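# Observations on chain architecture
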Amino acid sequence: MFYRFARWLFSLVFRYLCHWTVEGKENLPTQGPVIIVANHVSNWDPIVVGVALDRQVHFMAKEELFRVPVFRWILVALGAFSVDRSRGDLGAIKTALRLLLQGKVVGMFPEGKRNRSQDLLLPFQSGVALLALKTKAPVIPVGINGSRRIFYRGWFRPFTVRIGPPVKLPDIVGRKPSAGELATAVQYMEQAVSSLIGLKPSEKSANVGTFSDSK
């Protein structure tokens, strides 16, 4: 109930005050597990993605936000769950896996923190690729342009959200993906998001090879 109310409220703000644009809504599967990967430049981004998509998104949010009681209540009410960014958080991965196995939508900002660069994405973390290859859930890239200054100098400003088609990943059956396969899956995700926002993939990703069985 709270999620629906919050989504309705911010949809009014984004539509009538910001005059936002959302493109590619048809690319989001209407049912079944989905992983959302988006760029991250502003604290507005989880709200923006949650309102832009027509299904509830369960966001992986930094643990620090859950230490504030009010924020914790709001985040839990919105279906978010915490991740400790200082280490490989197995608990967060298990929570995301459980949600995906239940057919839900998990939202992630694989850059791991807000990106201050105007030119490059930050390197995506490999956990999102591991989840995608393990669950075979479609990975939907989302590019956000302009959220850094949604409210700036007393004015709401326009911004754009682009939802891309599923990222094509190889079908790895019956075994764990190698480090190279994970790195290349991450590269594909970076390229998909960067193409939606007009930025370059990270320099690290640009040096990774490609899967031989991918087109």
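Residue numbering note: each chain is counted from 1, following its sequence as written. Reporting in this predicted model follows two pLDDT cut-offs: at least 70 for local features of residues, and 80 or more for side-chain atom pairs to be given and counted; totals over whole chains, interfaces and linings ignore these cut-offs and use all residues. Hydrogens are left out, water is left out, and the side-chain values use all remaining heavy atoms of the structure.

This next bit is on helix H2 (residues 45-52). Taken across its eight residues, H2 has six buried, putting it largely inside the fold. Under the scheme applied here, a residue whose accessible area is under 20% of the maximum for its type counts as buried, over 50% as exposed, and between as partly exposed, the area being computed with a 1.4 Å probe on protein chains only. A helix here means a DSSP run of H or I that spans at least four residues, while a strand means a run of E at least two residues long, and both kinds are numbered starting from the N terminus. Listed in full, the buried residues belonging to H2 are Asp45, Val48, Val49, Gly50, Val51 and Ala52. Contact definition: two residues touch when any of their heavy atoms are within 4.5 Å. In the core, the buried residues of H2 are packed alongside helix H1 (2-18), strand S1 (21-23), strand S2 (34-38), strand S3 (57-62), strand S6 (139-145) and strand S9 (160-163).

Okay, the layout of surface pockets next. In this structure, the largest pocket encloses a volume near 1200 Å³. With a 1 Å grid spanning the protein atoms alone, the term cavity applies to any set of points in which a 1.4 Å probe fits but cannot get out, the term pocket to an open set with protein on both sides within 12 Å along at least five of seven lines, and the term lining residue to any residue with an atom within 4 Å of a point. Lining the largest pocket are 41 residues, and of these Pro46, Phe59, Met60, Ala61 and Lys62 sit closest to its centre. Taken together, the elements giving at least two residues each to the lining of the largest pocket come down to H1, H2, S3, helix H3 (69-77), helix H4 (90-101) and helix H5 (127-135). The element contributing the most residues to the lining of the largest pocket is H1, with five residues. Grid points are joined across faces, edges and corners, and a volume is the space filled by probe spheres set on the points.

Okay, the side chain of Ser194 next. With respect to the secondary-structure elements, Ser194 resides in helix H6 (residues 179-197). The residues touching Ser194, leaving out its near neighbours within four places in the chain, are Leu121, Leu199, Lys200 and Pro201.

Let us now look at H6. Look at H6: 27 Å from first C-alpha to last across 19 residues, which is about the 27 Å you get at 1.5 Å a residue. Most of H6 is tucked away: 14 of the 19 residues are buried. What a helix should span is 1.5 Å times the count of its residues minus one.

Within 6.5 Å between ring centres, the rings of Phe, Tyr and Trp (the latter by its six-membered ring) count as paired, and their orientation is classed by plane angle as stacked under 30 degrees, edge-to-face over 60, tilted in between. Counted according to the given criterion, the structure contains 10 aromatic pairs. Seen from their ring centres, Phe14 and Trp44 are 6.1 Å apart, and the 65° between their planes marks the pair as edge-to-face. With a gap of 30 residues between them, Phe14 in helix H1 and Trp44 in the loop between S2 and H2 connect regions that are remote in the sequence. Look at Phe14 and you get buried, because its relative accessible area is 0%. Here Phe14 and Phe159 contribute two aromatic rings whose centre-to-centre distance is 5.3 Å and whose plane-to-plane angle is 90°, an arrangement assigned as edge-to-face. Residue Phe14 is found in helix H1, and its partner Phe159 is found in the loop between strand S8 (155-156) and S9; the two are separated by 145 residues along the sequence. Using a relative accessible area of 3% as the deciding quantity, one classes Phe159 as buried.

Any Lys or Arg side-chain nitrogen located within 4 Å of an Asp or Glu carboxyl oxygen qualifies as a salt bridge. One pass over the full model with this rule turns up three salt bridges. Among the ionic pairs, Glu23 bridges to Arg162, the shortest N-O distance being 3.0 Å. In this pair, Glu23 sits in strand S1 while Arg162 sits in strand S9, placing the two residues 139 residues apart along the sequence. Between Lys25 and Asp54 there is a salt bridge, with the nearest N and O atoms lying 3.4 Å from each other. In this pair, Lys25 sits in the loop between S1 and S2 while Asp54 sits in the loop between H2 and S3, placing the two residues 29 residues apart along the sequence. Looking at Lys25, the relative accessible area reads 37%, which means it is partly exposed. In this structure, a network of salt bridges that share partners links the residues Arg7, Lys25 and Asp54.

Everything listed here is a matter of geometry and, on its own, says nothing about what the molecule does.
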